[in-house]
Amino acid sequence: MSLFPEHNSNILQFTPFTFEPPPVDYSQFEGISSFPSSTQFYEASVITEAFLKEDAYLGKGKGKQVEENDLKPETRKQTIFLNPLFKYDSNFWSTSNQSTGVKFHPTRSKDFACYVFGKEPKEKVKKESFTLDTQIYNCSLVHDIDSRRVFYNEAFSIFREAARAPFSKEWREKSMREKLLCDISWNYVNAIVNHIKSLQEIPIKDKQIQNEISTFRDMMAIWELCRIMYFIKSERYQRLSTDLLTWLNECYPLGEEELNELRDSPNLRNTVTFWSRLYKLILRGLFPQAINFLRSIIMAVEITSDQIINREIIINDIIQSVIKCIKSRPKMSSYDTGLAWRNWLSQCSQLQKSIILENKFLEENFIMILKILSGDPDAILAKSSSWLEGLVALVYHKYPKCETSDVRSTLGPVFIRFSVHPDPTSQALKRIFYQRIDDALSYCKHIDPWLLSHLTDLLCKTDLDETIGGKSLLLHQHREGYLIKFAEPLLTHSTLWQVGFKYLEHCEKFGKVFMEEFVGKIPFDNERKFEKILKICEDNGLKFDEKCIITTMGTKYMQIKRYASTIIYYMRAGKDESLKAICNIFLTQYVESGKIMFSEVLDSIPVDKNSNESVNFLSRYRLYHSLIQDEFYVQAAQVLVECLRSEISPKEFWGVLLFHTVPLMKLGRRKGIKLFEKIHIDEFIYYCSQVLDKRIEDSWLKLVQRMKRWHYKETGYFDISEDLNPVKIECERYKKNLEKNHSV
Amino acid sequence: MDNLSSIYDLLGLSTKSTGGKISKVRFDNTKQEFESNEVLFATGSWDTPKENTLLLWNVEQVSFGLGEQPSLTFSVLGKTTHEGDVTDMRFIGDNILLTSSSNGSLNAFQIINTNTSDFMDQSVGTSNYQLQMIMNRRLHSFTDTKNASLNSFAIKPHSINDPLVATVGEDGRIVIVRIEDSVKDHVIEDADASSIKAILWPRSNEIILANGCGQLRIFDPRENKPTTICHDCCYSPINIRVPINCLAFHPSKVHKVASGNNKGGVTIWDTRKLTEPEKHAQPHNSRVWEVFYHPYYQELLFSCSEDGTIGAVNFADFTPTFSTQDSMNAVKGQNVTIRKIGFKSNELPINSIDYHPHSKLLISGGDNENLLYTLI
């Protein structure tokens, strides 16, 4: 099942990419044209299938040109920067043969490492030899996550707010829901603006930062347009035209170049640039600036009979009339705009007819301004510099009261006059105006995964299905795929991995699958980070991964022989077999040395009845030794019987426990204390037979040999033997003693 | 996941970007300048390989009058890199900031007021302070090549002029050092067989440790063996072996200690009678990373947790309610008032909190890379 269903899956889109070129003349390269700043890719090493996911395609070959691409409208060239920047050293590299090797990251399909290799200069070496740059360059097909850390954190907080919104009281009411969505959308825009500001504050802006600023501006333009077109509906009363105008002026502001030219101009009235700028100001509804512009061409004259001066007075009057006309334009927020608007249009028309000047250049320009103001589509589109300017001006001046659904009908004349640039942003904007949101989002894919995923998520929360298309939109199906695509690089990021997992929590279908794949791959070198990783497993019911991670931690401690921590972690993971193995290590240590080495370890582990049986056994066995040391023989005998009866320890160790019974039985006989019952003695004899079972003979014999090194008469113990005779003899004696006492 | 609990009382914690996940926040409580509106504090980051940072901050309060919330202006005064995650931090006298690291080292930074533009750090704005490392000692390791995280440190009471510092780490050792000397005063090799999470030094002859197995251990620093070992099995049987992550002093009663555990519980202990904990509450549903007592309202215990919230537990009305069932809900003190403080929709962990009583400012930092603060 594909996570990313396509309209037409046959079309494999190609994202060509290049490397930042070192200062070399590539035209002299034989067989290799314009490496590396071309749309061609040279494969020198491994190309993984992972890379061939959705929007990139690479062929295979060895150091040769492998694929050429046709520039489709959807294709965008992407420059990949080597990190750190590659510095060409002509003393080191031959200018005639040089290439770049690529290795892809094992888990991150869009990250790879590069290295440069090639021939050394002939002047330097006599024989032809290949050399390899010692520097490994990190590259990523995705943006630099580190520089976006603050933005991603801020955006995640808003994403969570959006996720919670449907659970709030306000959500039930339609108007409140729209307000909530608008607020959330506004918060996203604020986050984008803040990031642009922080990028602009960087003193030295390299190409990468400039690209980032440009991407974020595109994101802002698309997001804001969506907000205007889709999120604000019932709350707005004839506000679309002004909203669009504000959007255009904020996202695509007028440049300052024309102003610099005009500053040096001696006669503004006759300067084409002046009028061109003035048209733009009028088209964009920037009326205060337009009025200032018009005032700047009013000439101070005295009333005389001089014909030239009178002409100036007439021009000044016309300028004043145009300014008055601009000032009197009705504001579209008032309720009586219909009547006011018609009145104002007739005033405009009258003024237009009354303008007759000797200077035809001026006359044409004044008439054109009035035509724009009165919404003449030809005049508007003729003077617009782009389709966006033309469209927004048309809506503002011709259809100031139009609704979002009406915008589509105004697009026809705009696209007859203008062609839309094939870049993804322009294409996406065009489709937003057409209200083809699914298509628009498919272009956002080429702009930024953050934009795509977050915009889709928020749009899914609106009632777009009802308002546009009247059918189920594809974005609902795509939402989760887009979110996963965005979150995937975060999962392996050294800092933002928690945010990545939080995003996956909102992907109901596939989120858990991705979590399972990545959670075990997060490196941890201390317990605090380990606990944070475990929390992710706990929150998402990843029981198996949780156990694996705890086991890894336990094993890490096992390797450095920190047994208390190992036991704790293995207990948490339920690793009973491993705990049994640790238990056996401790018992072996006892057999070797006769000392309880694990006392401190057990001190650190509170044990209860629910604890693992091996650990419980160790705890009881240690208790037995403490009781013996403190001369609590009756209790010690009880604990020893418990240890034997539990049958938890390895069978050969039962022999050791049986050896422990000998001094207690002797003591019991000597002092006449009943430490064991008759049934216990019978059990001891049974256990003796079990220990002497042929099947465990080898391990039993080895154990006795090791124990004999310290367990003999001279060290205060008794002499032990492989056949357990001391135990058997003592059992017989104790039994007889019991019977004797009983008969007495 | 999306249940909005009724006790979830969101207060307006504002945010400042710090450029890294914050692991510690600490006020400089060494200076008592009541006339000054400026308060210094430091933040330390974690999980930013090769570029963990220490930031020295200044917060200035401007009051607009009675009843009005003062306006707070935060600014970064100085910045330096920190090797390894910052695991603990404390200001000591003579403008020294002590930090501990996940690479097992104890560091001391001298705060130097340069007042010149030479030390301006462009990335953090105006900076008149330099944080100069004056000590870096690797004290905790498993082997010669494998470092153990230094989890916490405590300073011997009344030794501020020549501070004696006890450090604990994942290697289960207590190392007692003097800042001035390069020699380790005393090393208790096997203070704990598991990792030690937190340490307190309330009295000259008493060091309290919390370990990864849910135990509290009391040591006489002159001895190598603990005098008392106890664990929380009274209020919640499920708390057995649940790691204790943090400890805090009571502001006036030297025998009272608060702890926070891995399951979101906070416990009050009386060190004179450690057979069972004194009080227990469950303000969080996940790991508690830090606790502290309010300096004036001494029954009020603040905690911060992996669940992304700050809890304020009022133990004034605590009446113990014991249960025979092994249920988390059944064992907490029912009469305890718990108030939760959070930031917007933040779900990312809050790792550290601190309170400045004079300015009534509570600051906290966590994994959302923001400094969160509120006036309480």
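As the structure is a computational prediction, the values presented were derived from the model and not from experiment. (Residues numbered from 1 in each chain as written. Chains lettered and ligands numbered in written order. Predicted model: local features only at pLDDT ≥ 70, side-chain atom pairs only at ≥ 80, totals over all residues. Heavy atoms only, no water.)

Chemist: So what's going on with the sheet that holds strand β18 (residues 244-249) of chain B? Residues and values would help.
Modeler: All names here are of chain B. Pairing in this open sheet of 4 strands is antiparallel, and the strands run β18-β19-β20-β21 from one edge to the other. At either end of the open sheet lies a strand with only one pairing partner, and these are β18 and β21 (279-281). Between one strand axis and the next, the sheet turns through 20° on average, direction left out of account. Sheet topology note: the β18/strand β19 (residues 256-261) ladder contains 5 bridges and is antiparallel. Each bridged residue has a counterpart across the sheet, and for A248 the counterpart in β19 is A258. (Pairing = 2+ DSSP bridges. Helix = DSSP H or I, 4+ residues; strand = E, 2+ residues; numbered from the N terminus. Axes fitted to C-alpha atoms, helices over the stretch in contact; angles between N-to-C directions.)

Chemist: So what about the nonpolar core? Which residues, and what values?
Modeler: Core analysis: the biggest nonpolar cluster contains 150 residues, and I222, W247, F366, W387, F433, W450 and F501 of chain A have the highest contact counts within it. A per-element tally of this core places helix α3 (residues 207-231) of chain A first, with 14 residues. Not counting the four nearest positions on each side in its chain, F433 of chain A is found in contact with L225, M229, L244, W247, W387, L388, L391, V407, R408 and L411 of chain A. By size, the runner-up hydrophobic cluster in this structure holds 62 residues, among which are V591, F617 and W700 of chain A together with A193 of chain B. (Core = buried A, V, L, I, M, F, W, Y, C linked by side-chain atoms within 4.5 Å. Buried < 20%, exposed > 50% of the residue type's maximum accessible area, 1.4 Å probe, protein only. Contact = heavy atoms within 4.5 Å.)

Chemist: An account of the packing of aromatic side chains is needed here, citing residue identities and associated values.
Modeler: Residues and elements named next belong to chain A. Counted by the stated rule, this structure contains 44 aromatic pairs over all chains. Centre to centre, the rings of W247 and Y252 are 5.9 Å apart; their planes meet at 75°, and the pair counts as edge-to-face. Clustering of aromatic rings is evident, with ring pairs tying together F151, Y152, F156, F159, Y188, F216, W223, W450, F486 and Y503. Positioned above the aromatic ring of W171 is the side chain of R177, whose terminal nitrogen or guanidinium carbon lies 5.7 Å from the ring centre. (Phe/Tyr/Trp six-rings, centres within 6.5 Å; stacked < 30°, edge-to-face > 60°. Lys NZ or Arg CZ within 6 Å of the ring centre and 35° of its normal.)

Chemist: Which residues make up unusual backbone geometry, and what values do they have?
Modeler: A positive phi is found at E631 of chain A, a non-glycine position, where the angle reads about 65°. As for its placement among the helices and strands, E631 of chain A is situated in the loop between α26 (613-629) and α27 (633-646). If you check the backbone angles, D47 of chain B has positive phi at about 60° while not being a glycine. Checked against the element boundaries, D47 of chain B lands in the loop between β3 (38-46) and β4 (52-62).

Chemist: An account of the sheet that holds strand β6 (residues 86-92) of chain B is needed here, citing residue identities and associated values.
Modeler: Residue and element names in this part refer to chain B. Taken in spatial order, the 4 strands line up as β6-β7-β8-β9 in an open sheet, and their pairing is antiparallel. Looking at the sheet topology across the chains shown, the edges are occupied by β6 and β9 (129-138). Taken pair by pair, the neighbouring strands of this sheet meet at an average axis angle of 20°, ignoring direction. Of the pairings in the sheet, the one linking β6 to strand β7 (residues 96-101) comprises 6 bridges and is antiparallel in character. Across the sheet, the residue bridging to F91 is L97, located in β7.

Chemist: Lay out the interface of chain B and chain A with the relevant residues and their values.
Modeler: Counting residues at the interface gives 54 residues for chain B, matched by 47 residues for chain A. Contact between chain B and chain A buries roughly 4,400 Å² in total, counting both sides, with carbon and sulfur atoms accounting for 48%. Counting across the interface, chain B meets chain A through 11 salt bridges. Here E347 of chain B makes a salt bridge to K502 of chain A, at a shortest N to O gap of 3.6 Å. Our enumeration of links across chain B and chain A arrives at 31 residue pairs in polar contact (both at pLDDT 80 or more). Only β2 (21-27), β16 (215-219) and β17 (226-231) of chain B provide two or more residues apiece to the side of chain B that touches chain A. (Buried area = accessible area lost by both parts, 1.4 Å probe. Salt bridge = Lys/Arg side-chain N within 4 Å of Asp/Glu carboxyl O. Polar contact = N/O pair within 3.5 Å; in protein donor to acceptor, adjacent residues only side chain to side chain.)

Chemist: Quick one: what's the story with the pattern of salt bridges, residue by residue and with numbers?
Modeler: Side-chain pairs of opposite charge can arise whenever the charged atoms involved come near each other. Considering all chains together, one arrives at 51 salt bridges over all chains under this definition. In this structure, R173 of chain B and D171 of chain B form a salt bridge, with 3.1 Å as the shortest nitrogen-oxygen distance. When its relative accessible area of 4% is taken as the criterion, D171 of chain B is described as buried. Among the charged side chains, a salt-bridge network with shared partners connects R160, K502 and E505 of chain A together with E347 of chain B.

Chemist: An account of the side chain of R479 of chain A is needed here, citing residue identities and associated values.
Modeler: Residue and element names in this part refer to chain A. If you trace the backbone, R479 turns up in helix α18 (residues 475-491). A polar contact of 3.0 Å, which involves the side chain of R479, links it to the backbone oxygen of H506. If we skip the residues at most four places from it in the chain, R479 touches T456, D457, C460, H506 and E508.

Chemist: Please set out the packing of α27 of chain A against helix α29 (residues 678-691) of chain A residue by residue, giving values where relevant.
Modeler: Residue and element names in this part refer to chain A. Where α27 contacts α29, the axes come no closer than 11 Å and their chain directions differ by 45°. The pairing of α27 with α29 is recorded here as oblique in orientation. Remark: the crossing between α27 and α29 carries left-handed chirality. Here V641, L644 and R645 of α27 come into contact with α29, specifically with I679, H680, E683, F684 and Y687. (Parallel < 35°, antiparallel > 145°, perpendicular 65-115°, else oblique. Left-handed = near helix turned anticlockwise from the far one by under 90°.)

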